[in-house]
Amino acid sequence: MAKTSDLDVTYVARLARINLTEAEAKVFQKQLDDVLQYVEKLRQADVSDVEPAAHARPNFNVFREDAPRDWFTAEQALSDAPRKANGLFIVPKVVE
Amino acid sequence: MTEQDLPALTLADLQAFLRRREVSPREVLEALRARIEVVDREIGAYLSLDMDAAAKEADKANVDLPLGGVPVAIKDIINVMGQPCTCASKILQAYRAGYDATVIRKLRAAGAIPFGKTNLDEFAMGSSTENSSMKLTRNPWDLSRVPGGSSGGSAAAVAADEAFGALGSDTGGSIRQPAALSGIVGFKPTYGRVSRFGLVAFASSLDQIGPLTKTVRDSALIMNAITGHDPQDTTALNEPVPDYAAGLGNDLRGVRLGLPKEYMIEGIDAQVKAAIDAAVKQMSSLGAEIVEVSLPATEYAIAVYYILATAEASANLARFDGVRYGYRAENPRDMLDLYGRTRGEGFGAEVKRRIILGTYVLSSGYYDAYYLRAQKVRELIRQDFARAFEKIDALISPASPVPAFKLGERVADPLQMYLADIFTIAANLAGICGISVPCGFAEVDGHRLPIGLQLLGKALDEARILRIAHAYEQSTDWHKARPPIAAAVSKA
């Protein structure tokens, strides 16, 4: 597979916990190589002495009163669960 | 006023009819239901309708409230209690919202009735609504074309008179671009102006909820209802909220409008350019002063966006793991198999691509080159706008470089699709507000395709942007034009 970037789609997809078919991996590799090539233009920008902006409008230390409020019951929280029993989410065995 | 004419009303006119008791909220809802039944087979704007619950709301609606008895369509990425919230994704196909988003709570408090959920690009990732895993939405002006995206269902519904107004979300242009392509008004408020509690998160430093409507006044009316502080969203700004509708006027004397020289780029459609030039002349004749400005960092906006938005999405969408809600792959061997197959089968192609790209740009060894650098260039973009707004009140540009493109035309090439957002994306990076208003038509293959004028304003300057947009809109007839499909139903 001809790659023009360091991105290894199959490896990164595994990190992101997304199973890809071989066909998907091949198409995504090409498409994302194109996108990464496009974003190379950021190297031309002079960013010396520029502070990174995480938000357009920084907003610090936003607090609210730690007061109880009505929210989901356990039953409501479980109502969309794909598998549940005894008030719990059921998943495959995690520990041996 | 017959039942057939009702859906064509603007939200403001509907509200006046309701207040004068010339029509009841129930009759309005029934008229809308009838319209959707006829038109939505062709358009495909809605993913779900909850007309029974809406009818009960209509029967007890207080029409003296600001939006009393007015049905409002909701993009299917905003939680409405008891209704589906699919985000147009297979992974949330069976999900039902257990609570109301703050904007829904506020709409209800103002008397509005959220009755249906509209189609979108899966998790709001796209510019044509073709990334929906549910259905195709067609442009009411030409059924072979896209309505824009990601709020394409909301835009098409309003354009085809299947809604009096709708909510959308805008992360890189997802309200303004579909509004432009569908020939309606779309307004993106300042980052933090409207609470996002209950909006399914895509890119948290960029997402903002806003209205899609037939007129600027209608957007102002919805903004009056949904704007304001919310202790449940730490990014929601705690600032006073003016009466946006009361501030509207008709002249532009003393208004300084900036034309960014970088925005008249190659690749901009000739008919779009001609319409924008004419709009600039029109605004000048209303008294506005036109000033050329420069936003040199604009050329980096799309590159910055596709690094930051995908990085944030890769973290936000980690919550879809098949454990607590949504789709789960069958017979998982172990947890890794459960996660990998659930997400592999549950997400569509564009969502997978963006999560992979976002994971990559955040990964060790690449973080500085991509993510950190993009954040620094974002700061340059923010500074460009701050400098421009020292001299001007609003920036003018097209909302989209081209009119609506053909279904299927850009799906195979994500980068081409990304370039559709070239004029809208920078506003999200800078956190400022903006609007798209109809400003003309392009004639393509015998169809009239709408063109949108974008006005951008500085942070928290919503009232001024709405006032300028309204003055321009009211001096033209563009907003009165209706797509053939809506006109045909009214005449039938």
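Everything discussed here concerns the structure shown above.
Quick caveat, the model's predicted, so the values are computed rather than measured.

### Side note on the overall build of chain B
Regarding its fold elements, chain B presents 16 helices and 11 strands. Relative to the compact-globule value of 23 Å for 492 residues, chain B shows a C-alpha radius of gyration of 21 Å, a close match. Residues classed as buried in chain B amount to 62% of the 492 residues present. A separation threshold of at least 6 residues defines the contact pool for chain B, and within that pool the share at least 24 residues apart is 77%.

### Here we look at the sheet that holds strand β7 (residues 256-260) of chain B
All names here are of chain B. Pairing is mixed in the open sheet, where 11 strands are placed in the order β1-β3-β2-β4-β6-β5-β10-β11-β9-β7-β8. Of all strands in the sheet, those with a lone pairing partner are β1 (46-49) and β8 (289-293), marking the two edges. Looking at each pair of strands side by side, their axes are set apart by 30° on average, direction ignored. Relative to strand β11 (residues 447-457), strand β10 (residues 433-444) runs antiparallel, the two sharing 11 bridges. Pairing of Gly-440 across the sheet is with Ile-451, part of β11. Lying over the sheet, helix α15 (residues 462-474) contacts β9 (394-398), β10 and β11, oriented at roughly 25° with respect to β10.

### Remarks on helix α4 (residues 102-109) of chain B
Residues and elements named next belong to chain B. Taken as a whole, α4 has its buried residues at Thr-102, Val-103, Ile-104, Lys-106 and Leu-107. Looking at the packing, one finds that the buried side of α4 touches β2 (71-75), β3 (113-118), β4 (165-170), β6 (208-213) and α7 (216-226). Following α4 by one or two positions, Gly-111 has its phi on the positive side, about 100°.

### As for the packing of helix α9 (residues 301-316) of chain B against helix α12 (residues 368-388) of chain B
All names here are of chain B. The N-to-C vectors of α9 and α12 enclose an angle of 130°; their axes lie 9 Å apart at closest approach. Relative to α12, the element α9 lies oblique. Seen along the crossing, α9 lies across α12 with a hand that is left-handed. Of α12, the residues touching α9 (which contributes Ala-301, Val-304, Ile-307, Leu-308 and Ala-311) are Tyr-370, Tyr-371, Ala-374, Gln-375, Val-377, Arg-378 and Ile-381. Split into classes, the residues belonging to the contact of α9 with α12 amount to 10 nonpolar, one polar and one charged.

Here is what the cut-offs are and how they apply
- Residues numbered from 1 in each chain as written.
- Chains lettered and ligands numbered in written order.
- Predicted model: local features only at pLDDT ≥ 70, side-chain atom pairs only at ≥ 80, totals over all residues.
- Helix = DSSP H or I, 4+ residues; strand = E, 2+ residues; numbered from the N terminus.
- Rg over C-alpha atoms; globule rule 2.2 N^0.38 Å.
- Buried ≥ 20, exposed ≤ 12 C-beta atoms within 10 Å, placed from the backbone.
- Contact = placed C-beta atoms within 7 Å.
- Pairing = 2+ DSSP bridges.
- Axes fitted to C-alpha atoms, helices over the stretch in contact; angles between N-to-C directions.
- Parallel < 35°, antiparallel > 145°, perpendicular 65-115°, else oblique.
- Left-handed = near helix turned anticlockwise from the far one by under 90°.
- Nonpolar A, V, L, I, M, F, W, Y, C, P; charged D, E, K, R; others polar.

None of this, on its own, says anything about what the molecule does.
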